[in-house]
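A closer look at the structure
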Amino acid sequence: MKRFIGFVTKEFYHIFRDKRTMFILFGMPMVQIMLFGFAITNEINNVNIAIFDQSKDSETQQIINKISASKHFKIVNQITHEAQIESVFRTGKVKAVLVFEKNFIQNLQNKKNSKVQVITDATDPNMANTITNYINAILQNYSLEANANSKPIYQIQTQTQLYYNPELKSVFTFVPGVMTVILMLVSAMMTSISITREKEMGTMEVLLVSPIKPFQVVIGKVFPYIFLSIINATIILLLGVFVFEMPIEGSLFLLALESILFIITALSLGILISTIAQSQQTAMMFSLAGLMLPVIILSGFIFPISSMPLPLQIISNIIPAKWFIIIIKAIMLKGATIYTIWKETLILIGMTVLFIAISIKKYKIRLE
């Protein structure tokens, strides 16, 4: 019995001394519960909206103040011309625009009703529906409060208009999202595992001291995955267009360039993971735990980032998938040009350069 107890004690010591095992046992569950608890929600908070107030009277100002006081919405723009509505949607600055008709208060007093138009960006159908429902609830609550001491003398009617996805097809959200997830996992995970396999077998050091330069070794290892990822992206786009009737409003050439840029970003991240991992198992863990959960949860693919706590919103900025989803939705659904998405493109380029620079430095240290 003492031998058995000693054996069990030894196993406990082995587990406690292994940092990777401790992370899997305790770190991963804590990270997952925090992510799922804070990021996965059906509510919307801090959604950026714009106001187009054509009446500019005391009644519309009270309604605007009530909407602004809500935790669900943040007014970031005051539109002065109808032509500005399309431009703010194209840039992705706002998710909804509230349009108050002219003579709003006069219509309430004379006709006993006035209209508020709710225009939403329906590239995310679920979010567009939720925004409309929330605004309707706020307007209904305002009407009840205004008529609390008498019979209802007026009502505020809402009219809904959906941009870019008027039929609210959920596939318009899932095709860009699935394409992003697949490209990220295939490119980053397979690259990290491929290079780590060479290190685990002891052949990477041989390759690095061979006449072939280190960067040529790395490029040679990742080049096949560039080709395979481009094929994957092409298949997904063809299925989206011909099977699910997903539009491509923007330039196909720009879409191809941005897709290749994201593939290179994901591959460079895979190379970076390979510099940290010493075995295929570790690379797999880093790729799945470090990429799959953040890509699905923190990229805005399923859950709106604006509704997450501020720390998670900040962390989401270092997820390349977030920026690619913004780019691909803007090109495919909004017909965006490079002048609209140049910031997101520069961020992806910057991430790629950073990942590659760190990886080259690591491999040079190994060579020395």
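Residues numbered from 1 in each chain as written. Predicted model: local features only at pLDDT ≥ 70, side-chain atom pairs only at ≥ 80, totals over all residues. Heavy atoms only, no water.

1. Comments concerning helix α3 (residues 58–69)
Compared with the 16 Å implied by 1.5 Å per residue over twelve residues, the 16 Å span of α3 between its first and last C-alpha is a close match. Those residues of α3 lying buried are Glu 59, Thr 60, Ile 63, Ile 64 and Ile 67. With its buried residues spanning 135° around the axis, α3 presents them on a single face. Turning to α3, the residues buried within the fold contact β1 (47–53), β2 (73–78), β3 (96–100), α5 (104–111), α6 (125–146) and β5 (155–163). Its side-chain oxygen 3.0 Å from the backbone nitrogen of Glu 59, Asp 57 forms the N-cap of α3. (Helix = DSSP H or I, 4+ residues; strand = E, 2+ residues; numbered from the N terminus. Expected span 1.5 Å × (residues − 1). Buried < 20%, exposed > 50% of the residue type's maximum accessible area, 1.4 Å probe, protein only. Arc of directions from axis to C-beta. Contact = heavy atoms within 4.5 Å. Polar contact = N/O pair within 3.5 Å; in protein donor to acceptor, adjacent residues only side chain to side chain.)

2. Some points on a nonpolar patch on the surface
Taken together, Phe 227, Leu 228, Ile 231, Ile 235, Leu 238, Leu 239, Phe 242, Val 243 and Phe 244 make up a surface patch of nonpolar side chains, about 910 Å² in accessible area. Mapped onto the secondary structure, Phe 242 falls in helix α9 (residues 214–242). (Patch = residues over 30% accessible without salt bridge, like charges linked within 9 Å, V, L, I, M, F, W, Y side chains within 5 Å. Areas by Shrake-Rupley, 256 points an atom, 1.4 Å probe, with all protein chains shown as cover. Salt bridge = Lys/Arg side-chain N within 4 Å of Asp/Glu carboxyl O.)

3. Digging into the packing of aromatic side chains
Evaluated as defined, the whole model comprises six aromatic pairs. Residues Phe 89 and Tyr 164 carry aromatic rings whose centres are separated by 6.5 Å and whose planes lie at 90° to one another, so their mutual orientation is edge-to-face. Of this pair, Phe 89 sits in helix α4 (residues 84–90) while Tyr 164 sits in the loop between β5 and α7 (171–201); the two residues are 75 residues apart in sequence, bridging distant segments of the chain. Considered together, Phe 89 and Tyr 164 belong to a single accessibility category, that of buried residues. Aromatic side chains Phe 262 and Phe 324 sit 4.3 Å apart centroid to centroid with 5° between the ring planes, which places their arrangement in the stacked category. Of this pair, Phe 262 sits in helix α10 (residues 252–276) while Phe 324 sits in helix α13 (residues 320–334), placing them 62 residues apart in sequence. This pair shows no difference in class: Phe 262 is buried, exactly as Phe 324 is. Among the aromatic side chains, those forming a connected cluster through ring pairs are Phe 89, Tyr 163 and Tyr 164. (Phe/Tyr/Trp six-rings, centres within 6.5 Å; stacked < 30°, edge-to-face > 60°.)

4. Considerations on the nonpolar core
Looking at soluble globular proteins, one finds that nonpolar side chains tend to be buried together. Ranked by size, the top nonpolar core spans 65 residues in total, and within it Ile 85, Phe 89, Val 97, Met 179 and Met 184 carry the most contacts. Per element, the largest residue contribution to this core is eleven residues, and it comes from α10. Judged by nonpolar contacts, the second largest core, of 22 residues, contains Ile 44, Ile 67, Ala 96 and Val 118. (Core = buried A, V, L, I, M, F, W, Y, C linked by side-chain atoms within 4.5 Å.)

5. Observations concerning the pairing of β2
Two faces make up the sheet, and in a regular strand the side chains alternate between them. Note that β1 and β2 share five bridges and pair parallel. Considered in β2, the bridge of Ile 51 is made with Gln 78. Taken together, β1, α3 and β2 constitute a β-α-β crossover, and its handedness is right-handed. (Pairing = 2+ DSSP bridges. Right-handed = clockwise from strand over helix to strand, strands pointing away.)

6. Comments concerning the pattern of salt bridges
In the structure shown here, the tally under the stated rule is two salt bridges. Between Arg 90 and Glu 86 there is a salt bridge, with its nearest N and O atoms 3.1 Å apart. On the criterion of helical spacing, the pair formed by Arg 90 and Glu 86 is a turn pair, its members being four residues apart in helix α4. With a closest N to O distance of 3.0 Å, Asp 121 and Lys 334 form a salt bridge. Taken together, the positions of Asp 121 in strand β4 (residues 113–121) and Lys 334 in helix α13 put the pair 213 residues apart, joining distant regions of the chain. Taking relative accessible area as the criterion, Asp 121 reaches 3% and is therefore assigned buried.

7. Looking at the environment of Gly 350
Mapped onto the secondary structure, Gly 350 falls in helix α14 (residues 338–367). Distance from Gly 350 to Thr 265, taken between C-alpha atoms, is 9.2 Å for residues 85 residues apart in sequence.

All we've got here are geometric facts, nothing functional implied.
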